[in-house]
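Single-letter residue listing:
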Amino acid sequence: MCNGGDYKPRRALRWEGAARHAGSCSPPGTGPGRSVRGRAPGPWAGGAGGSPMAAAAERTDELVREYLLFRGFTAALKQLDAEIKADREKGFRVDKIVDQLQQFVQSYDLAALRDYWSYLDRRLFSRLEDVYRPTVNKLKTSLFRYYLVHTVQTGRNDKAQEFFLKQASELQNQAEWKDWFVLPFLPAPDSNPTFATYFSRQWADTFIVSLHNFLSVLFQCMPVPVILNFEAECLRSSLIQEENELLRHKLFALQAESSRMKKEELEVEQAVVHHKLPAYVANMDRLGDSELDMTCSQRSTTHSLQSRGGFLSSFLSQSKKGPSRPPHPSGASPTQTGSMLLGKKEPTNHQGQSAEKKTDISTAETELCSELHAEQTETSTKMPVSSAEAVGVRQEQPFIVLSQEEYGEHHSSIMYCRVDCSGRRVASLDVDGVIKVWSFNPIMQTTASSISKSPLLSLEWATKRDRLLLLGSGVGTVRLYDTEAKKNLCEISIDEDMPRILSLACSPSGASFVCSAAAQSPISHMGFSAVSSGGKSMNQVPGKLLLWDTKTMKQQLQFSLEPEPIAINCTAFNHNGNLLVTGAADGIVRLFDMQQHECAMSWKAHDGEVYSVEFSYDENTVYSIGEDGKFIQWNIHKSGLKVSEYDLPSEATGPFVLSGYSGYKQVQFPRGRLFAFDSEGNYMLTCSSTGGVLFKLNGEEKVLESCLSLGGHRAPVVTVDWSTAMDCGTCLTASMDGKIKLTTLLARKS
């Protein structure tokens, strides 16, 4: 029960609107209204007594009564009724609270009036921020003046004198009361210029309305227990069910459309097969065996060349891929064709039978080659499906794209883009030091924005109190930023000799965070455009890896980096925070035991720097991407044991290049996450020149299967994230033109 003791709000109270709507007893026309019953509707309108919470409390009381009666708790029911009857907050009904104050005024009960106002101040007003205390004091002063005016108007000067006798010690030192002590002794105070305003009906009505509106807005902004939100939660659940039904209908429509498109493409493919015969078949009547073998060998070589550039076709949209698969040409086995896919490389042999055949080519064969070239050009123009499928693209997409939205509040290249652990908010950072915090459910809107005076190099959400952001700068400081209060809570200095904070990672418990600090890079002394973009090339400089306490913001320890201190580019915790994996500029991946605070194992992972590291879904392995363009899976139970290795295109690993007019090029080295996994660790999201690309992860295969291209970007994507907190996966892809695409995916059930 609310009147059974002081409640503890679940969050700090602001109640900002109260002061704005209450004012300080402004005249009619400029204040909140003209009368209590006829006030203009506002955010407090509706429900019992003008307060939505009052209506909710009344309905909840009835439900509790019904429950107690059903359980036979009659004693508790009687106690509840007695408590409700004696409730001094009147069930949060503002009109009854105002009526109670007026009743004390009309009955000249000064002691009860003071006691009731003190109760309201202790229970409600004391929880307001200090900025609203002057408004509360003005309302209290106006209430006492309202009492004095009533005593004088009704001819009870004895009550007015009693008021000053009892209140003298409190009021004599207040400047606003110094002229009021003569009020009981004036023959006609209503005509006195000092007091004439307070004796008008206009002032009394304005005061009552201001008090009413102040309490209404106060109750509206006050945090409430979960039980009072029962009906709102029911309504929200109903809306979610309706939204799910709409999405289900949309899914069925998309499936029907996909089936129709596949059928049409199959019909077109069949028409092409029946009506467009290859040239070597059309000319078969005038070819000998040797010429036919040579033709087949030439076609085999052509298909092999096409498959060499196969990773480019994996970025084509799924709608451009047909169901057909070209037959394996003679002279090239299925194994040899698969070796051309994006993945592990195997030695191939493309020598055809033509090497053993005649060297003299007839005129008919020359014409055949021309026809073959024309036929292949036309086929590659009309049917790009062949090259697309040559890189291992799956026939059926594992995900359905429900929607794709764009966040365009940034005006320069993005460095970081991270979803918080609740999956409700996104923090993004660009190279100009602009930080944006924004939500996307139910609508996309910016909730906080900040511009850093010093360059920022790293960003990370705090895991507990997920309203907080950790920001690492290029001048040796780490800031703790409150995204709701929109201010910096504290700023700590790490090391003046190592001013670049390259990476931040908060432990899952939220008790601590690791910080990677590095010395200035030699590249910072060059006139290179990558510097402003967070360049890390030539990053072979000393560095430190430090552990800090989140609550005290004090350093706990410094990790030992063997064989020598080096800049740590990327860090990641496992699910319980017992393990920490790091990737460094020397190409070494290090695994730290966070209970013993020491390096458990390390191994040379890449030629060049390590750009990004993550634990796998089962946390038995870690994945890394390096400067050498390799995507490698490592067994953490055996140091340096490679589980799988894949080649990635440069547009997935960086450096990222954005070309402009007159030969201008902007170069950005990797800074944020380069890959992210789905909720079960079966699929990986990476960067590309036109958007995010999803790959199927399968340890038994020697290739990465590109299963979906998200697209939507006109500039290279430089960082990605994949939030699985909601039922539908949310993919974030951020590019060098400052655009962030938010793609909602629905997993197709097998």
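The paragraphs below set out a description of the structure included in this document. (Residues numbered from 1 in each chain as written. Predicted model: local features only at pLDDT ≥ 70, side-chain atom pairs only at ≥ 80, totals over all residues. Heavy atoms only, no water.)

### Details of the overall build of the protein
To keep things clear, this is the line we draw: Secondary structure elements are defined from DSSP: runs of H or I of at least 4 residues count as helices, runs of E of at least 2 residues count as strands, and each element is numbered from the N terminus. Note on exposure labels: buried denotes an accessible area under 20% of the residue type's maximum, exposed denotes more than 50%, and partly exposed covers the range between, all computed with a 1.4 Å probe on protein chains only. Note on areas: these come from Shrake-Rupley sampling with a 1.4 Å probe, and a residue is covered only by the protein chains present in the view.
Along the protein, the regular secondary structure elements total 16 helices and 30 strands. The proportion of buried residues among the 750 residues of the protein is 49%. Accessible area for the protein stands at about 36800 Å²; split by element, carbon and sulfur atoms hold 52% of it.

### Observations concerning the sheet that holds strand E10 (residues 500-506)
The line we're drawing: At least two bridges found by DSSP between two strands is the condition for calling them paired. For helices, the fitted axis covers only the stretch in contact; all axes are lines through C-alpha atoms, and the angles between them, taken along N-to-C directions, range from 0 to 180 degrees.
Taken in spatial order, the four strands of this open sheet run E10-E11-E12-E13, and their pairing is antiparallel. With one partner strand each, in any of the chains shown, E10 and strand E13 (555-558) form the two edges of the open sheet. The average undirected angle you get between the axes of adjacent strands in this sheet is 25°.

### Thoughts on the sheet that holds strand E29 (residues 729-735)
The sheet built from four strands is open, its strands ordered E1-E30-E29-E28 with antiparallel pairing. One side of each edge strand has no neighbouring strand; the edge strands of this open sheet are strand E1 (399-407) and strand E28 (717-723). Each strand of the sheet is rotated relative to its neighbour by a mean of 20°, with strand direction disregarded. When E1 meets strand E30 (residues 740-747), the two strands line up antiparallel, connected through eight bridges. Opposite Tyr407, over in E30, you have Ile740 as the bridge partner.

### Side note on the packing of helix H6 (residues 133-153) against helix H7 (residues 157-171)
Rule in force here: The scheme is simple: roughly parallel for angles under 35 degrees, roughly antiparallel for over 145, roughly perpendicular for 65 to 115, oblique for anything else. In this scheme the handedness of a crossing depends on how the near helix is turned from the far one: anticlockwise by less than a right angle means left-handed, clockwise means right-handed. Two residues qualify as a contact provided that any one of their heavy atoms is within 4.5 Å of a heavy atom in the partner residue.
Running from N to C, H6 and H7 point in directions that differ by 150°, and their axes come no closer than 7 Å. Here H6 is positioned roughly antiparallel relative to H7, judged by the angle of their axes. Of the two elements, H6 crosses H7, and the hand of that crossing is left-handed. From H6, Lys140, Phe144, Tyr147, Leu148, Thr151 and Val152 reach across to H7, where they touch Asn157, Lys159, Ala160, Phe163, Phe164, Gln167 and Glu170.

### A word on the layout of surface pockets
For clarity, the threshold we go by: Here the term cavity refers to a set of points on a 1 Å grid, laid over the protein atoms alone, in which a 1.4 Å probe fits but cannot get out; the term pocket refers to an open set having protein on both sides within 12 Å along at least five of seven lines, with lining residues being those that place an atom within 4 Å of a point. Grid points are joined across faces, edges and corners, and a volume is the space filled by probe spheres set on the points. Charged residues are taken to be Asp, Glu, Lys and Arg, nonpolar residues to be Ala, Val, Leu, Ile, Met, Phe, Trp, Tyr, Cys and Pro, and polar residues to be all remaining types, Gly included.
Considered as a void within the structure, the second largest pocket measures approximately 1200 Å³ in volume. Forming the walls of the second largest pocket are 43 residues, and the residues nearest its centre are Arg418, Phe573, Glu614, Arg673 and Asp721. Classifying every residue of the lining of the second largest pocket gives 20 nonpolar, 14 polar and nine charged.

### Notes on the pattern of salt bridges
Heads up, the condition is: Salt bridges are identified by distance alone: a Lys or Arg side-chain nitrogen within 4 Å of an Asp or Glu carboxyl oxygen.
Scanning the model with the defined rule gives 26 salt bridges in all. The partner of Asp647 in a salt bridge is Lys630, and the shortest N-O contact between them spans 2.8 Å. Remark: Lys630 occurs in strand E20 (residues 630-635) and Asp647 occurs in strand E21 (residues 641-647); sequence separation between them is 17 residues. Residues joined in a network through salt bridges with shared partners are Arg418, Glu460, Glu614, Arg673 and Asp721.

### What about the packing of aromatic side chains?
Rule in force here: Planes of paired rings set the category: under 30 degrees apart is stacked, over 60 is edge-to-face and the rest tilted, where pairs are Phe, Tyr or Trp rings (Trp by its six-membered ring) whose centres lie within 6.5 Å. The rule is short: NZ of Lys or CZ of Arg within 6 Å of the ring centre and within 35 degrees of the ring normal puts a charge over the ring.
Per the stated rule, a full pass over the model turns up 24 aromatic pairs. Between the aromatic rings of Trp117 and Phe125, the centroid separation amounts to 5.2 Å while the plane-to-plane angle is 50°, which identifies the pairing as tilted. Phe125 shares its class with Trp117; the two are buried. Looking at Arg145, its charged tip hangs above the ring of Trp177, at a distance of 5.3 Å from the centre. The side chain of Lys696 reaches across the aromatic face of Tyr683, ending 4.9 Å from its centre.

### Concerning unusual backbone geometry
Going from Glu562 to Pro563, the amide bond is cis rather than trans, its omega being 5°. Examined against the element boundaries, Pro563 turns out to sit in the loop between E13 and strand E14 (568-573). The omega angle of the peptide bond from Gly654 to Pro655 is -5°, so this bond is cis rather than trans. Examined against the element boundaries, Pro655 turns out to sit in the loop between helix H16 (650-653) and strand E22 (656-659). A positive phi angle, near 60°, is found at Lys486, a position not held by glycine. Inspection of the secondary structure assignment puts Lys486 in the loop between strand E8 (477-482) and strand E9 (487-493). Take Lys486: its relative accessible area is 52%, and that puts it in the exposed class.

### Looking at the state of the cysteines
Heads up, the rule is: Cysteine sulfur atoms are paired as a disulfide whenever they fall within 2.5 Å.
For the coordinates displayed, the defined rule picks out zero disulfides. Looking at Cys421, it has no disulfide partner, and the nearest cysteine sulfur is the one in Cys506, 9.3 Å off. Judged by its relative accessible area of 51%, Cys421 falls in the exposed class.

### Section: the pairing of strand E4 (residues 434-439)
Counting buried residues along E4, six of its six residues qualify, which places the element largely inside the surrounding structure. Here strand E3 (residues 425-430) runs beside E4; their pairing, made up of five bridges, is antiparallel. Among the inter-strand pairings, Leu429 is bridged to a residue of E4, identified as Ile435. Across six bridges, E4 lies against strand E5 (residues 445-451) in antiparallel orientation. Bridged to Ile435 within E5 is Ser450. Here E4 folds back onto E5, and the loop between the two strands holds five residues.

### Some details on the environment of Lys140
Put simply, the rule reads: Pairing of N or O atoms within 3.5 Å defines a polar contact, subject to two protein rules: one partner must be a possible hydrogen donor and the other a possible acceptor, and residues neighboring in sequence count only if both atoms are side-chain atoms.
In this structure, Lys140 sits in helix H6. Each C-alpha atom of the pair Lys140 and Trp117 lies 7.9 Å from the other, and the pair is 23 residues apart in sequence. Apart from the residues lying within four places of it in its own chain, the contact partners of Lys140 are Trp117 and Glu170. Among the polar contacts listed, one links the side chain of Lys140 to the side chain of Glu170, at a separation of 3.2 Å.

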